[in-house]
Amino acid sequence: MPGDVTHPVGAAERLQPDRDAPGSAAEGPGSRGEPRQADAVVIDCDVHNALPVRDALKPYLPSRWHVYYDQGVNTQREVTIGARPHPGPYTGVYRRDSLPGRGGPGGSEYDLLRSQLLDAKGIRRAILHPVSEIVQIPLYGEAGAAIAAALNDWMVEEWLERDDRLRAAITVPFEDGPRAALEIEHRAGDRRFVKVLMMMSTREPLGHPKYWPIYEAAVAYGLPISAHVAGFSGTGTMATGWPSYWMEHNIALPQAYPVQAASLAYSGVFDRFPSLQFVFEEGGLGWLPPLLWRLDRTWRAMRDFAPHLDRLPSEVLREHLWLTTQPLDEPERPQQLVQLFEELELDDRIVFATDYPHWDADDPVQVLSRSLLGVELWSKIMWRNAETLFGFDA
Amino acid sequence: MSQIAAGSRSIDCDVHCAVPSTEAIAPYLSEEHWRDHVRITQFSGPGSLALTYPSWHPMLATDGAAITVDSVRSTVLRRSEIAIMQCFYGLESMTHPYLGPALARAVNCWLQREWLDADERLLGSIVVTPQRPAAAAEEIARTAADERFVQVLLPARVQQAYGDQRYWPIWEAAEAHGLPIAITFGGGMGLPPTPANWPSSFFEDYVVGTLGLQSHVTSLVVEGVFQRFPNLEVALFESGVSWLPPLLWRMDQNWKAVRTEAPWLKEAPSAYVRRHIKFGTAPLDLPSRRAHIPYLLEQLWSDELLLYCSDSPHRYEETFDELASCLDAEALDRVLWRNAFDLYRLERFVADGPEARQPEIVS
């Protein structure tokens, strides 16, 4: 309950460590703080890396795009990702201790990411999403395609080649279906790219046919699509436009998730691409059950308005959606988290994520209690479901 | 027909009536030039009205000609002792700074004369223009003189969430006159109603219609409306309540971490919600498994949040019975009666206590 208003509680202080969590002493895969790499089990499905400085991309970008890249391509659009009118918490979005001593954003120095995350937390696989770069690139056209390709080359050279625990999402100009599909085809041969990165707030809802070339390429190569928190729809971050405060912006981020899930369910895209899989990332879990209940009630009441949907929308979505855990919902009582998992009925499709190096990152040692969830569900979430989703070897 | 509501005392907090035609309210336009204007332009009502309660939609149509005092008497008032009328008129979509408020006044006068005067068991909601807060505050002050108006009615879909300071004159007037604010599903300002732009179908649009209510809950609390107006109460209608627990968790989680941005919040956001906001019971999006309904009730923490609604003429009574079957007698009475009785200070209109008249039971 409420404490002293002048002393904010940081993410790391929010929860007490769980003695049964991985990396803890008892039966865990290593002693807390120093798990041995060989014992690492956790698969972290949402990690953010970044360029240390903007110019660091230039070696990978054809020189004819350098002037364009220098001038800054994003203009007003950038406002929509971080709700820049409001100062964000904790040095923008970063955990303060994740900022490299040499400067640059969190996640921009491999050695620090390795020691703070991979080594310290017993991470067997971590999937990199260069979201802070994507939000600054054009989302369509030749420039978007060139910069996306440069980011993927940079990802290979400076990250994937350095550590075999690392995997990555393919950066694509996702508002440009055909060019995005080409980039997917180009990268899919490298199996270290395990999914395609889109954002959650898109110019049109995700069921729109403009995105179908992306889906077609993704299913051709067996890659899931990530729909990652935030983005650029051109509208406010809330259903009611722009909020006044950063806190509202951040509370409202999950609002895009029901919109996108409803769009995908209604669009029939899963009839066209039966193997298409979406990972809805960084929105937590709690938004989904009430959406499914509402979708099903609406489907029953409005059959004539959805004559092409021959099954309950919840059935369809439960076959095509995956969720990452972070920021894990924090109900008032721990048992309500168990209730939430029961309501979700998605035990095989929830995958763990830290969201390192963001300020509200979830620590695998602390957030999900094995004793609360039971070892079966807990191990599914911490690594087994991700093994299935991404085809990682056990 | 709700079997459970029919067998117990109840107050129905959301009963619809609708302006049947511009001609019906034109005589109540106070100025002759507006009467001329709506006649010459063949004005058929604000744009968002038809989108919120489309006539072509069997589940949502609200036919102003078919809903009459007699029809409410023979349905709603056979089971409930009081019906609180909500005459949504879509005024938030009017850009005209004078015609919008003039129409609000006309609708309120029409409701007063043609409905409230016709049956003492009918109470009213004041329609206003949220996009014109000064005019809205004036209309609240004018209309509040008639105590049969027991709340101010606002739509969910507006230009900016209701915590914003532009709206504070409305809250000030409502609090000063002891009137709760009702925010209801629907409305429209011509702006995309989601953070991922426009939905492609009415089906999707309807499904995501609860997001506006979630924005208002967040905004009213975070922007400090309940600090500034500590006696203000809010009731949300027609968007259920099952989305609330995860929103409360997320609000509290964020507040713990970034509360330096909003130092006026002295308690967790959920505490303000539980103290100041109530939720109508129609329609409800209940868990698909009956065993999970008690989870929802527990997560809501209190049946003091719920207000019984039929949403007549829309039919959602079965979902209410499903919820009610999970409540004990005392909790059920709170939802059907006590919460509304206290919120709207209904001792002014109806007797409390076991001697209260039992409504006629119908099947």
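Below or above, wherever it landed, is the structure these notes cover. What you are looking at is a predicted structure, and each value in this text was computed from that prediction instead of being measured.

Considerations on the overall build of chain A
For step 1, the next point in the chain: When helices and strands are counted, chain A shows 15 helices and 8 strands.
For step 2, the next point in the chain: Out of the 394 residues belonging to chain A, those deemed buried represent 65%.
For step 3, the next point in the chain: Element-wise, carbon and sulfur atoms account for 50% of the exposed surface of chain A, whose accessible area totals about 14300 Å².

Things to note about the state of the cysteines
For step 1, the next point in the chain: All told, the structure shown has 0 disulfides over all chains when counted by the stated rule.
For step 2, the next point in the chain: Free cysteine C109 of chain B: the closest other cysteine sulfur is in C87 of chain B, separated by 12 Å.

What to know about the sheet that holds strand β5 (residues 225-231) of chain A
Residues and elements named next belong to chain A.
For step 1, the next point in the chain: Ordered in space as β1-β2-β3-β4-β5-β6-β7-β8, the 8 strands form an open sheet in which the pairing is parallel. At either end of the open sheet lies a strand with only one pairing partner, and these are β1 (42-47) and β8 (350-351).
For step 2, the next point in the chain: Here strand β6 (residues 278-281) runs beside strand β7 (residues 321-324); their pairing, made up of 3 bridges, is parallel. Bridge assignment links F280 to a residue of β7, and that residue is L323.

Considerations on the interface of chain B and chain A
For step 1, the next point in the chain: Taken residue by residue, the interface counts 75 residues in chain B and 73 residues in chain A.
For step 2, the next point in the chain: Carbon and sulfur atoms make up 59% of the area that chain B and chain A hide from each other, which totals about 6500 Å².
For step 3, the next point in the chain: Joining chain B to chain A, the criterion identifies 6 salt bridges.
For step 4, the next point in the chain: The salt bridge involving R274 of chain B is made with E332 of chain A; its shortest N-O contact spans 2.9 Å.
For step 5, the next point in the chain: If you look at where chain B meets chain A, you find 31 residue pairs in polar contact (both at pLDDT 80 or more).
For step 6, the next point in the chain: For the side of chain B that touches chain A, the elements supplying multiple residues, two or more each, are α10 (202-207), α11 (210-222), α13 (244-258), α14 (269-276) and α15 (293-300) of chain B.
For step 7, the next point in the chain: Among the elements that make up the side of chain B that touches chain A, the one with the highest residue count is α13 of chain B (11 residues).

Considerations on the nonpolar core
For step 1, the next point in the chain: Of all hydrophobic cores here, the largest spans 256 residues; its most connected members are Y215, F280 and L368 of chain A together with W171 and Y344 of chain B.
For step 2, the next point in the chain: Per-element accounting of this core gives the leading share, 11 residues, to helix α5 (residues 141-160) of chain A.
For step 3, the next point in the chain: For W171 of chain B, the contacting residues outside a window of four places in its chain are L154, Y162, I181, L220, V225, F229 and L232 of chain B.

A look at the packing of helix α7 (residues 99-116) of chain B against helix α8 (residues 133-143) of chain B
All names here are of chain B.
For step 1, the next point in the chain: At a minimum axis distance of 10 Å, the contact between α7 and α8 shows a crossing angle of 20°. Between α7 and α8, the angle falls in the class roughly parallel. Two packed elements cross with a definite hand, and for α7 against α8 that hand is right-handed. In this structure, α7 uses P101, A104, R105, N108 and C109 to contact α8, whose residues at the interface are A135, E139, R142 and T143.
For step 2, the next point in the chain: Of the residues that constitute the contact of α7 with α8, the class distribution is 4 nonpolar, 2 polar and 3 charged.

With respect to helix α6 (residues 177-187) of chain A
Residue and element names in this part refer to chain A.
For step 1, the next point in the chain: All of the buried residues along α6 are G177, A180, A181, E183, I184 and R187. Buried positions in α6, seen along its axis, are confined to an arc of 160° and lie on one side of it. Exposed positions of α6 whose direction lies more than 90 degrees from the buried face are P178, L182 and H186.
For step 2, the next point in the chain: Residues of α6 that are buried in the fold lie against α5, β3 (166-171), β4 (193-201) and α7 (212-220).

Some details on the sheet that holds strand β6 (residues 234-237) of chain B
Residues and elements named next belong to chain B.
For step 1, the next point in the chain: Here 8 strands make up an open sheet; going across it, the order is β1-β2-β3-β4-β5-β6-β7-β8 and the pairing parallel. Because the sheet does not close on itself, it has two edges, and the strands there are β1 (11-16) and β8 (306-307).
For step 2, the next point in the chain: Bridging between strand β4 (residues 149-157) and strand β5 (residues 181-187) involves 5 bridges; their strand directions are parallel. The residue bridging V152 from the neighbouring strand is I181, located in β5.

A few points about the packing of aromatic side chains
Residues and elements named next belong to chain A.
For step 1, the next point in the chain: Evaluated as defined, the whole model comprises 27 aromatic pairs over all chains.
For step 2, the next point in the chain: Through pairs of rings, three or more aromatic residues link up here, namely Y215, Y257, F270, F278, F280 and W287.
For step 3, the next point in the chain: Positioned above the aromatic ring of F392 is the side chain of R125, whose terminal nitrogen or guanidinium carbon lies 5.4 Å from the ring centre.

Points about the side chain of E282 of chain A
For step 1, the next point in the chain: Looking at where E282 of chain A falls in the secondary structure, it is placed in the loop between β6 and α11 (288-301).
For step 2, the next point in the chain: Despite its burial, E282 of chain A remains without a salt bridge, the nearest opposite charge being carried by R250 of chain B at 7.3 Å.
For step 3, the next point in the chain: A polar atom in the side chain of E282 of chain A sits 3.4 Å from the side chain of H48 of chain A.
For step 4, the next point in the chain: Here H228 of chain A takes part through its side chain, which lies 2.7 Å from a polar atom of the side chain of E282 of chain A.
For step 5, the next point in the chain: When residues no more than four places from it in sequence are discounted, the contact partners of E282 of chain A are D46, H48, H228, V229, Y257, T324, Q326, P327, D355 and H358 of chain A.

Some thoughts on helix α9 (residues 168-176) of chain B
Residue and element names in this part refer to chain B.
For step 1, the next point in the chain: Regarding α9, the residues found buried are W168, I170, W171, A173 and A174.
For step 2, the next point in the chain: Against the buried residues of α9 lie α8, β4, β5, α11 and α12 (225-228).
For step 3, the next point in the chain: At the C-terminal side of α9, G178 shows a positive phi close to 65°.

Examining the pattern of salt bridges
For step 1, the next point in the chain: Summed over the entire model, instances satisfying the criterion amount to 48 salt bridges over all chains.
For step 2, the next point in the chain: Residue R334 of chain B pairs with E330 of chain B through a salt bridge whose shortest N-O separation is 3.3 Å. A residue pair is termed a helical-turn pair when its members lie 3 or 4 positions apart in one helix, as R334 of chain B and E330 of chain B do in helix α17 (residues 329-343) at 4 residues.
For step 3, the next point in the chain: A residue is classified by how much of its surface remains accessible, and E330 of chain B, at 56% relative accessible area, is exposed.
For step 4, the next point in the chain: Taken together, the shared-partner salt bridges in this structure form one network comprising D111, R114, D119, D163 and R165 of chain A.

Criteria and cut-off values
Residues numbered from 1 in each chain as written. Chains lettered and ligands numbered in written order. Predicted model: local features only at pLDDT ≥ 70, side-chain atom pairs only at ≥ 80, totals over all residues. Heavy atoms only, no water. Helix = DSSP H or I, 4+ residues; strand = E, 2+ residues; numbered from the N terminus. Buried < 20%, exposed > 50% of the residue type's maximum accessible area, 1.4 Å probe, protein only. Areas by Shrake-Rupley, 256 points an atom, 1.4 Å probe, with all protein chains shown as cover. Disulfide = S-S within 2.5 Å. Pairing = 2+ DSSP bridges. Contact = heavy atoms within 4.5 Å. Buried area = accessible area lost by both parts, 1.4 Å probe. Salt bridge = Lys/Arg side-chain N within 4 Å of Asp/Glu carboxyl O. Polar contact = N/O pair within 3.5 Å; in protein donor to acceptor, adjacent residues only side chain to side chain. Core = buried A, V, L, I, M, F, W, Y, C linked by side-chain atoms within 4.5 Å. Axes fitted to C-alpha atoms, helices over the stretch in contact; angles between N-to-C directions. Parallel < 35°, antiparallel > 145°, perpendicular 65-115°, else oblique. Left-handed = near helix turned anticlockwise from the far one by under 90°. Nonpolar A, V, L, I, M, F, W, Y, C, P; charged D, E, K, R; others polar. Arc of directions from axis to C-beta. Phe/Tyr/Trp six-rings, centres within 6.5 Å; stacked < 30°, edge-to-face > 60°. Lys NZ or Arg CZ within 6 Å of the ring centre and 35° of its normal. Lys, Arg positive; Asp, Glu negative; His and termini not counted.

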